[in-house]
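# Structural characterization, general
Residue-level listing of the chains:
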Amino acid sequence: METLIMNAELPEAMERAARLFSSGELVAFPTETVYGLGANALDRKAVLSIFAAKGRPADNPLIVHIWNRSQMTGLCEIPKDAEKLMDAFWPGPLTMLFPRTEKVPDEVTAGLPTVAIRMPSLPCAHKMLQVCGLPIAAPSANRSGRPSPTTAAHVMEDMAGRIPLILDGGPCQVGLESTVLDLTRGDPTILRPGGVTKEMIQEVLGRDVEVAGSVLRPLKPDEKALSPGMRYKHYAPTGTVTLVEGEGEAVHRVMREQCTSDRLAGRKSCVLCFTEHLDLFPDCDPHDIGSREDDREVAHRLFDVLRRLDQEGMETIYSEVVPAEGVGLAVMNRLGRAAGFRTLKAE
Ligand code: AMP
Ligand code: MG
């Protein structure tokens with residue numbers, strides 16, 4: 001199959017996407033978070049072909065994308081707290097779980113009693129959803145296990161020949177997947193942190209929000225994943241990523257020592273560091289993850305840097321860390337998973 005790339009802003013592109021969706025085909029499209037691989041959420045066969053194109057395990061459910069709340073009628077119930085959060089953060093990078101009806105195919109929810117729904121804010125995504133008029137089930141448009149795509153070129157790397165159309169809307173602004181929030185049992189719980197932070201949600205709800213334990217550590221062998229996606233290896237470059245924690249100077253020294261000794265042993269090795277620290281690693285091929293003063297910039301760049309490591313054939317990678325607060329929680333969740341939570345304490 002030939003994969004066409006079209007400018008996402010063009011009306012012809014939106015119309016072509018709408019036709020493909022209606023006939024059960026897949027289309028990759030940009031959102032403010034990452035690129036999604038979409039299909040008509042009400043067409044079981046089309047939804048199954050998402051899993052095939054990505055190589056995604058069938059028990060990892062998909063997020064349904066809408067442009068208008070009226071599309072939720074008949075698909076799910078809406079808890080009261082969800083109304084407040086929709087008013088505050090939709091359209092935007094917040095996905096919520098809703099108790100679902102029979103109308104939502106099991107293929108979308110992996111048989112779970114809830115359906116994950118979000119309203120993207122990127123204008124061309126919003127418009128595309130409006131033109132096609134269908135709820136669109138869409139996971140990130142990468143092959144399973146690879147970093148999520150934040151440019152149309154990333155999607156092409158993973159999906160060329162597998163899907164008929166990629167809409168190109170340029171680089172994604174947030175650069176990390178949406179926050180996934182469960183309001184359907186007990187205290188509101190963040191299953192996956194993202195651009196809408198715990199602090200922002202607490203402020204709107206006026207009460208505490210929990211964060212699932214597995215956000216910053218691996219699942220324990222007997223632990224049930226609240227969000228099935230947490231079970232899988234994710235965001236992982238081929239090389240071995242190690243996070244280096246500790247006080248400033250010691251962190252930089254350990255990163256230099258590790259990287260240098262790997263290079264002397266003949267391994268291709270580099271460091272990931274903040275813009276402010278690039279000069280501290282002249283012999284360690286420093287990769288800029290953005291300013292330490294700006295979590296959102298780090299989020300925006302992270303997946304592109306992770307993908308580059310594979311293109312460069314990096315075998316070992318040593319990375320600085322950010323405080324796990326605000327958007328930093330989402331950055332540390334993705335970096336942690338890229339590293340398989342492998343951490344070195346610098347003293
Ligand atoms: P992706 O679309 O690739 O960004 O992944 C969607 C994420 O949302 C995965 O981590 C899923 O496990 C999670 N998710 C989707 N639907 C549900 C649901 N009904 N319950 C819990 N997690 C969900
Ligand atoms: Mg994904």
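Report follows, based on the coordinates. (Residues numbered from 1 in each chain as written. Chains lettered and ligands numbered in written order. Predicted model: local features only at pLDDT ≥ 70, side-chain atom pairs only at ≥ 80, totals over all residues. Heavy atoms only, no water.)

## Thoughts on the packing of helix α3 (residues 80-89) against helix α7 (residues 198-205)
Helices that pack against each other are described as a pair by the angle of their axes relative to one another and the distance between those axes. Relative orientation of the contacting elements α3 and α7 amounts to 120 degrees, with a least axis distance of 10 Å. Classed by the angle they form, the pair α3 and α7 counts as oblique. The element α3 and its partner α7 pack so that their crossing is right-handed. Touching D81, K84, L85, A88 and F89 of α3 are M200, I201, V204 and L205, all from α7. Taken together, the residues that form the contact of α3 with α7 break down as 7 nonpolar, no polar and 2 charged. (Axes fitted to C-alpha atoms, helices over the stretch in contact; angles between N-to-C directions. Helix = DSSP H or I, 4+ residues; strand = E, 2+ residues; numbered from the N terminus. Parallel < 35°, antiparallel > 145°, perpendicular 65-115°, else oblique. Left-handed = near helix turned anticlockwise from the far one by under 90°. Contact = heavy atoms within 4.5 Å. Nonpolar A, V, L, I, M, F, W, Y, C, P; charged D, E, K, R; others polar.)

## Comments concerning helix α8 (residues 248-264)
Helix length check: α8, at 17 residues, gives a terminal C-alpha distance of 25 Å against a target of 24 Å (1.5 Å per residue), a fit within 8%. Three or more residues of α8 are buried, namely A250, V251, H252, V254, M255, C259 and D262. Close packing links the buried residues of α8 with β12 (240-246), β13 (269-273), β15 (316-319) and β16 (343-346). Looking one or two residues beyond α8, the residue adopting positive phi is G266, at roughly 90 degrees. (Expected span 1.5 Å × (residues − 1). Buried < 20%, exposed > 50% of the residue type's maximum accessible area, 1.4 Å probe, protein only.)

## What about the layout of surface pockets?
Quantified by volume, the largest pocket comes out at close to 680 Å³. Of all elements in the fold, only β4 (63-65), α4 (106-109), β6 (114-118), β9 (179-182) and β10 (189-192) reach the threshold of two or more residues within the lining of the largest pocket. Here the element with the most residues in the lining of the largest pocket is β6; it accounts for 4 residues. Of the volumes computed, that of the second largest pocket is approximately 240 Å³. (1 Å grid on protein atoms, 1.4 Å probe; cavity = no way out; pocket = protein on both sides within 12 Å on 5 of 7 lines; lining within 4 Å. Points joined across faces, edges and corners; volume = space filled by probe spheres on them.)

## Things to note about the site of ligand 1
Inspection of the region around ligand 1 gives 20 residues, with N60, T114, P139, R192 and G229 positioned closest. N60 places a polar side-chain atom, nitrogen or oxygen, 2.9 Å from an oxygen atom of ligand 1. Within the side chain of S140, a nitrogen or oxygen atom sits 3.2 Å from an oxygen atom of ligand 1. For ligand 1, whose accessible area on its own is 500 Å², the fraction buried by protein is 96%. According to the grid-proximity analysis, the pocket containing ligand 1 is the largest pocket. (Near = heavy atom within 4 Å. Polar contact = N/O pair within 3.5 Å; in protein donor to acceptor, adjacent residues only side chain to side chain. Areas by Shrake-Rupley, 256 points an atom, 1.4 Å probe, with all protein chains shown as cover. Sits in = over half its atoms within 2 Å of the grid points.)

## Observations regarding the nonpolar core
Counting residues in each nonpolar core, the largest one holds 45 residues, and the members touching the most others are W90, M96, F98 and I201. Counting residues per element, the ones that place at least two in this core are β3 (36-40), α2 (44-54), α3, β5 (94-99), β6, α6 (152-159) and α7. Ranked by residue count, the leading element in this core is α2, at 5 residues. Apart from residues lying up to four places away in sequence, M96 is in contact with A82, L85, M86, W90, V115, A116, I117, L181 and L183. L176, L243, V305 and L335 belong to the second-largest nonpolar core, a separate cluster that totals 26 residues. (Core = buried A, V, L, I, M, F, W, Y, C linked by side-chain atoms within 4.5 Å.)

## Looking at the pairing of β6
Most of β6 sits out of view: 5 of its 5 residues are buried. Pairing geometry for β4 and β6, over 3 bridges, is parallel. Within β6, the position partnered with V64 by the bridge is I117. (Pairing = 2+ DSSP bridges.)

## Some details on the sheet that holds β3
If you walk across this open sheet you meet the 11 strands as β1-β8-β2-β3-β7-β4-β6-β5-β9-β10-β11, and the pairing is mixed. In this open sheet, the two strands that pair with only one neighbour each are β1 (4-7) and β11 (210-211). Sheet topology note: the β4/strand β7 (residues 136-137) ladder contains 2 bridges and is antiparallel. Bridging from a neighbouring strand, H65 pairs with I136 of β7.

## Observations regarding the environment of H287
Within the secondary structure, H287 is located in strand β14 (residues 287-288). Under the relative-accessibility criterion, H287 is labelled buried at 3%. Note: C-alpha distance between H287 and F274 (13 residues apart in sequence) is 8.2 Å. When near neighbours in sequence (up to four residues on either side) are disregarded, H287 contacts C270, V271, L272, C273, L278, V305, R308, L309, E312 and M314.

## Section: the packing of aromatic side chains
Each aromatic ring pair is characterised by the separation of its centres together with the angle its planes make. Taken as a whole and judged by the stated rule, the model has 1 aromatic pair. Centre to centre, the rings of W90 and F98 are 6.4 Å apart; their planes meet at 65 degrees, and the pair counts as edge-to-face. Each of the two residues, W90 as well as F98, counts as buried. (Phe/Tyr/Trp six-rings, centres within 6.5 Å; stacked < 30°, edge-to-face > 60°.)

## With respect to unusual backbone geometry
The omega angle of the peptide bond from W90 to P91 is -10 degrees, so this bond is cis rather than trans. Here P91 lies in the loop between α3 and β5. Notably, A110 is not glycine yet its phi reads approximately 55 degrees, a positive angle. Among the structural elements, A110 can be located in the loop between α4 and β6. Not every positive phi belongs to a glycine, and F341 is a case in point at roughly 60 degrees. Tracing the backbone through its elements, the reader meets F341 in the loop between α10 (327-338) and β16.

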